[in-house]
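Structural description and commentary
Okay, here's what each chain looks like letter by letter:
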Amino acid sequence: MDAAEKKPLLPSWAVKALIWCGPTLFFLLVDTAIFGLVPEKETIATFCLIPLFGLMVSRLIFLFRSRRSLGAKIALTVLWLLLQAALWFVALLFPINLYHCVREDAPEQFEDHFSKLYYVCMTPQDTPKRLLFPLELGTPEAQEYHRYDKHAAIFLSQSCTLLCRYAEEDYEAAKANLEARYRFRTELMDTEYSFGDKQVKQIEPFVRIGDDLFRVLLPRDGEREFTDDFYKGCILIVTNDVRREIGYIAFADIDLDVAEDLAVFINDECGWKHIRR
């Protein structure tokens, strides 16, 4: 065997760089592309933890490549694994915001997730046997299902959106069908729970963000809303005459205590900022 055949594929500095950076890049790719972790103000701490996980894996790889005795390798591996387990526990306490968009079976996925959201916000005796607002979508050209979940320790905020785009001749008919089928809130909404005689800020039950018009839905006769407070659970319908789109948004977070601005609530809590980014 000649010297050329013994030459390593990569120089030693490249191998070390790959070991140091590879695990971190892998975790970032998996967390963002597969699990849908999104970089936001609340998730800065979570993103800071990812390199720590990566560096721990790097240290394990260097440990396996070292000339230490088998006993030392086993002992140090157990130590690093215990440290990783502790870090995983700490990571569970940090906010994790996940966003996904899919186009296959969008209405079915929306209805399935919506039903689960509705169960969360209702007492068992009030649990419905059918979807709160049966969808009649017409013939959209394209459909998208968007899901936005915010995890923080034991707290969970969930939102799902079905967005449909129509041809010009079908959009007006689909939009008119909304007015015939659904009722929308017209009275001002409280932005937080009122204790006693406390004066609470009230806001309109509709808002325009760019070309998108959002309205808060009322239940049909004989049905009830998620909760009495829109910021704990609600349904919104959005129309966009420029894009010829109609969207249905379902939101639930029984621990949210206030939402003083409907546009901010839609963007930040319902994840609309990711849909229109």
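Residues numbered from 1 in each chain as written. Predicted model: local features only at pLDDT ≥ 70, side-chain atom pairs only at ≥ 80, totals over all residues. Heavy atoms only, no water.

1. Quick word on the overall build of the protein chain
The number of helices and strands found in the protein chain is 8 helices and 10 strands. With 277 residues in all, the protein chain has 42% of them scored as buried. Of the contacts made within the protein chain by residues no fewer than 6 positions apart, 70% connect residues no fewer than 24 positions apart. With the model as given, the accessible surface of the protein chain reaches about 16,200 Å², and the carbon-plus-sulfur share is 60%. (Helix = DSSP H or I, 4+ residues; strand = E, 2+ residues; numbered from the N terminus. Buried < 20%, exposed > 50% of the residue type's maximum accessible area, 1.4 Å probe, protein only. Contact = heavy atoms within 4.5 Å. Areas by Shrake-Rupley, 256 points an atom, 1.4 Å probe, with all protein chains shown as cover.)

2. Describing the layout of surface pockets
To locate leftover empty space, one rolls a probe as large as a water molecule over the atoms. Computed from the structure, the largest pocket encloses a volume of approximately 430 Å³. The wall of the largest pocket is formed by 19 residues, among which Asp31, Leu37, Thr46, Trp88 and Ile96 lie closest to the centre. Of all the secondary-structure elements, those providing two or more residues to the lining of the largest pocket are helix H2 (12-34), helix H3 (44-65), helix H4 (70-91), strand E1 (96-102) and strand E2 (142-152). When grouped by side-chain class, the residues that make up the lining of the largest pocket number 16 nonpolar, 2 polar and 1 charged. Taken together, 13 residues line the second largest pocket, and the ones lying closest to its centre are Lys150, Ala152, Phe155, Ser157 and Asp253. Residue classes in the lining of the second largest pocket are distributed as 5 nonpolar, 3 polar and 5 charged. (1 Å grid on protein atoms, 1.4 Å probe; cavity = no way out; pocket = protein on both sides within 12 Å on 5 of 7 lines; lining within 4 Å. Points joined across faces, edges and corners; volume = space filled by probe spheres on them. Nonpolar A, V, L, I, M, F, W, Y, C, P; charged D, E, K, R; others polar.)

3. A short note on the state of the cysteines
Applying the stated criterion across every chain, the model contains 0 disulfides. Cys234 provides the cysteine sulfur closest to Cys270, a residue in no disulfide bond, and the two sulfurs are 5.6 Å apart. Using a relative accessible area of 3% as the deciding quantity, one classes Cys270 as buried. (Disulfide = S-S within 2.5 Å.)

4. Examining the pairing of strand E9 (residues 233-240)
A large share of E9 lies buried, amounting to 8 of its 8 residues. Here E9 shows no split at all, with Gly233, Ile235, Ile237 and Thr239 on one side and Cys234, Leu236, Val238 and Asn240 on the other all buried. Relative to E9, strand E8 (residues 212-218) runs antiparallel, the two being bridged by 4 bridges. Paired with Leu213 across the two strands is Thr239, which belongs to E9. As paired strands, E9 and strand E10 (residues 245-252) are joined by 8 bridges and run antiparallel to one another. Bridging from a neighbouring strand, Asn240 pairs with Glu245 of E10. Here E9 folds back onto E10, and the loop between the two strands holds 4 residues, one of which, Arg244, carries a positive phi near 55 degrees. (Pairing = 2+ DSSP bridges.)

5. A look at H3
Counted at 1.5 Å a residue, the expected span for H3 with its 22 residues is 32 Å, and the 33 Å between its end C-alpha atoms agrees. Buried within H3 are the following residues: Thr46, Leu49, Ile50, Phe53, Gly54, Met56, Ser58, Leu60, Phe62 and Leu63. Buried residues belonging to H3 abut H2, H4 and E1. (Expected span 1.5 Å × (residues − 1).)

6. Let's talk about the environment of Leu188
Within the secondary structure, Leu188 is located in the loop between strand E4 (183-184) and strand E5 (189-190). What makes Leu188 partly exposed here is its relative accessible area of 44%. Taking the C-alpha atoms as reference points, Leu188 and Gln202, separated by 14 residues in sequence, lie 5.7 Å from one another.

7. Considering a negative patch on the surface
On the surface, Glu104, Asp105, Glu108 and Glu111 cluster together into a patch of negative charge. Mapped onto the secondary structure, Glu111 falls in helix H5 (residues 106-120). Under the relative-accessibility criterion, Glu111 is labelled partly exposed at 32%. (Patch = residues over 30% accessible without salt bridge, like charges linked within 9 Å, V, L, I, M, F, W, Y side chains within 5 Å. Salt bridge = Lys/Arg side-chain N within 4 Å of Asp/Glu carboxyl O. Lys, Arg positive; Asp, Glu negative; His and termini not counted. Charge placed at Lys NZ, Arg CZ, Asp CG, Glu CD.)

8. Focus: the side chain of Thr46
Position of Thr46 relative to the elements: it lies in helix H3. For Thr46, a relative accessible area of 10% translates into the label buried. With sequence-adjacent residues up to four places away left out, Thr46 is seen in contact with Leu37, Phe94, Pro95 and Ile96.

9. Considerations on the environment of Phe62
Mapped onto the elements, Phe62 comes out in helix H3. Put simply, Phe62 and Trp20 are 42 residues apart on the chain and 9.1 Å apart in space, counted from C-alpha to C-alpha. With near-sequence residues (within four places) excluded, Phe62 lies in contact with Lys16, Ile19 and Trp20.

10. Concerning the nonpolar core
Phe214, Phe230, Leu236, Leu262, Phe265, Ile266 and Trp272 are the most contacted members of the largest nonpolar core, which has 26 residues in total. Those elements that provide at least two residues to this core are strand E7 (206-209), E8, E9, E10, helix H7 (262-269) and helix H8 (272-275). Broken down by element, this core gets its largest block of residues, 4 residues, from H7. If near-sequence neighbours (up to four positions away) are discounted, Trp272 is found in contact with Thr161, Leu163, Asp212, Phe214, Val238, Ile249, Ile266 and Asn267. Formed by 23 residues, the second largest nonpolar core is a distinct cluster that contains Leu135, Cys164, Phe184 and Ala252. (Core = buried A, V, L, I, M, F, W, Y, C linked by side-chain atoms within 4.5 Å.)

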